[in-house]
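Read off the chains here:
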Amino acid sequence: MDTASPNSTSLLLGATDIHPVFEQNAEGRSPFLFTADHYGRLIPKPLGDLGLPESELVRHIGWDIGIAGVAERLSKCLDVHLIAQRYSRLVIDCNRPPDVPSSIPRLSEATTIPGNDGLSREDAETRRREIFDPYHRRINDVIERRLRDKRPTILVSLHSFTPVYAGVARPWHIGTLHRRDKILPPLLLRALRAEGDLVVGDNEPYAVSETTDYTIPVHAEARGLMCTGIEIRQDLIADESGQQQWAERLARILGAIEETLVQRKA
Ligand SMILES: [Zn+2]
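What comes next concerns the included structure. Computed from a predicted model, the values in this text were never measured in an experiment.

A short note on the pattern of salt bridges
Opposite charge on two side chains allows them to pair when their charged atoms are near. Under the counting rule described, the total for this entry stands at 19 salt bridges. The salt bridge partner of E56 is R59, with a shortest N-O separation of 3.1 Å. Of the residues examined, E56 reaches a relative accessible area of 19% and is grouped as buried. Given the relative accessible area of 27%, R59 is considered partly exposed. Put simply, D64, R89, D93 and R96 are held in one network by salt bridges that share partners.

What follows is the structure in structure tokens.
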């Protein structure tokens with residue numbers, strides 16, 4: 001294994017490296033705006049493999065397994081602008097405030113991450129500046145632009161969760177994560193429960209908080225926007241057929257919710 005320790009004065013991402021922000025359907029007309037904080041699992045070259053074997057890097061600790069395939073399909077189905085982040089959450093977690101310890105975790109579930117141990121403030125700052133900041137700046141700019149243009153904007157933060165965490169099996173197929181918004185989450189919960197074949201988590205397996213979330217509190221709640229997190233269990237979307245089925249199901253559900261919201265306003 002290669003435990004490269006980056007020189008704090010060098011840039012993580014060179015001119016030929018892949019940009020952290022992935023976007024699709026930037027001209028999408030939908031009121032929904034999708035984000036995917038844990039979309040990818042790239043690691044900048046200077047960080048090597050963070051001292052971990054491939055078998056660890058591909059696990060849920062590195063990214064949200066399956067969500068990329070769901071998010072891209074769903075964004076196409078509903079004509080939604082999708083903004084996603086391509087680097088591993090083990091490099092820097094884009095859904096954590098940068099000042100909390102889990103932003104650059106030294107331990108995730110039961111795995112210690114050698115490449116994150118004893119990181120200098122400068123190295124942590126570099127990861128923030130080159131990965132976290134461009135992603136959140138883009139989300140911020142897109143929302144500001146939409147608001148200036150008087151376009152309705154409903155933030156849906158897409159995630160997936162591991163079916164077993166620390167030895168405990170999780171029963172939910174899907175969960176909604178919500179706190180301030182009292183309009184969208186009840187509609188979404190009702191629609192998911194009406195499907196009849198789903199175990200639906202209401203703020204399960206996670207709830208929104210200032211220390212465990214960034215995207216929803218900062219971009220949506222602080223502006224009073226309608227918003228929710230959606231968490232899908234990873235074993236259901238591990239392959240393309242699962243991703244397609246869940247994208248179709250959520251497109252139908254979110255499409256109907258959009259209709260309901262339009263009728264309420266009319
Ligand atoms: Zn996630």
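Some remarks on the nonpolar core
In this structure, F34, L74, I174 and I232 are the most contacted members of the largest nonpolar core, which totals 36 residues. Where this core is concerned, the elements lending two or more residues are β2 (32-36), α2 (67-78), β3 (81-85), β6 (154-161), α4 (184-194), β11 (226-233) and α6 (240-265). Considering each element in turn, this core owes the most residues, eight residues, to α6. With sequence-adjacent residues up to four places away left out, L74 is seen in contact with F34, L158, A247, L250, A251 and L254. One finds L52, L90, C94 and V208 within the second-largest nonpolar core, a separate group that totals 32 residues.

Some points on the coordination of the zinc ion
Listed as protein donors to the zinc ion are H38 (ND1), D64 (OD), D64 (OD) and H159 (ND1); their distances from the metal cover 2.0 to 2.8 Å. Here the zinc ion is ringed by four donor atoms whose angles at the metal span 51 to 149°, and the overall shape comes out irregular. One chain supplies every donor for the zinc ion, spaced along it as H-x25-D-x94-H. Residue H38 is located in the loop between β2 and α1 (54-57), and its partner H159 is located in strand β6; the two are separated by 121 residues in the primary sequence. With respect to burial, H38 and H159 carry one shared label: buried.

Criteria and thresholds
Residues numbered from 1 in each chain as written. Predicted model: local features only at pLDDT ≥ 70, side-chain atom pairs only at ≥ 80, totals over all residues. Heavy atoms only, no water. Salt bridge = Lys/Arg side-chain N within 4 Å of Asp/Glu carboxyl O. Buried < 20%, exposed > 50% of the residue type's maximum accessible area, 1.4 Å probe, protein only. Core = buried A, V, L, I, M, F, W, Y, C linked by side-chain atoms within 4.5 Å. Helix = DSSP H or I, 4+ residues; strand = E, 2+ residues; numbered from the N terminus. Contact = heavy atoms within 4.5 Å. Donors = N, O, S within 2.8 Å, 3.2 Å for Na, K, Ca; no water. Tetrahedral: all angles 85-135°; square planar, octahedral: opposite > 155°, others 65-115°.

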